[in-house]
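# Reading the structure
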Amino acid sequence: MDSGMILGFSFGYLATIAGVFLLYSPVIAMVLVLLVAVGILKAVLLPFAVLIRKLRKTRPGPDMDGNWLLGPPERAPE
């Protein structure tokens, strides 16, 4: 195997790598644009998430009385 053949194979591999990159560059660009869009949307919606979290914390919780599990209250003897 002479140096010209090795050089030819090397350029062939480089051309193949460049071709695959160019073939998939729209997919790579779309993924990058979607990641940026998700980041911007998350930053825009962050104040609403904080507001909803605060509203949930300030709401009084339900009465945790477990008497309803025992059935109707029994009448005390008179």
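The following refers to the structure shown.

Cut-offs and rules
Residues numbered from 1 in each chain as written. Predicted model: local features only at pLDDT ≥ 70, side-chain atom pairs only at ≥ 80, totals over all residues. Heavy atoms only, no water. Helix = DSSP H or I, 4+ residues; strand = E, 2+ residues; numbered from the N terminus. Areas by Shrake-Rupley, 256 points an atom, 1.4 Å probe, with all protein chains shown as cover. Patch = residues over 30% accessible without salt bridge, like charges linked within 9 Å, V, L, I, M, F, W, Y side chains within 5 Å. Salt bridge = Lys/Arg side-chain N within 4 Å of Asp/Glu carboxyl O. Buried < 20%, exposed > 50% of the residue type's maximum accessible area, 1.4 Å probe, protein only. Expected span 1.5 Å × (residues − 1). Bend = angle between axes of the 7 residues up to and from the residue.

Take the overall build of the protein next. The helix and strand inventory of the protein stands at 1 helix and 0 strands. Surface accessibility of the protein: about 7,900 Å² in total, with carbon and sulfur atoms responsible for 73%.

Taken together, the side chains of Val 20, Phe 21, Leu 22, Leu 23, Tyr 24, Val 27, Ile 28, Met 30, Val 31, Leu 32, Leu 34 and Leu 35 define a hydrophobic patch exposed on the protein surface, amounting to about 1,200 Å² of accessible area. Tracing the backbone shows Val 20 in helix 1 (residues 3–58). Note on Val 20: relative accessible area 41%, which makes it partly exposed.

If you check helix 1, its first and last C-alpha atoms are 77 Å apart, about what 56 residues at 1.5 Å a residue would give, namely 82 Å. At Tyr 24, helix 1 is deflected by roughly 50°, the largest bend along its length, and proline Pro 26 occurs up to four residues later in sequence.

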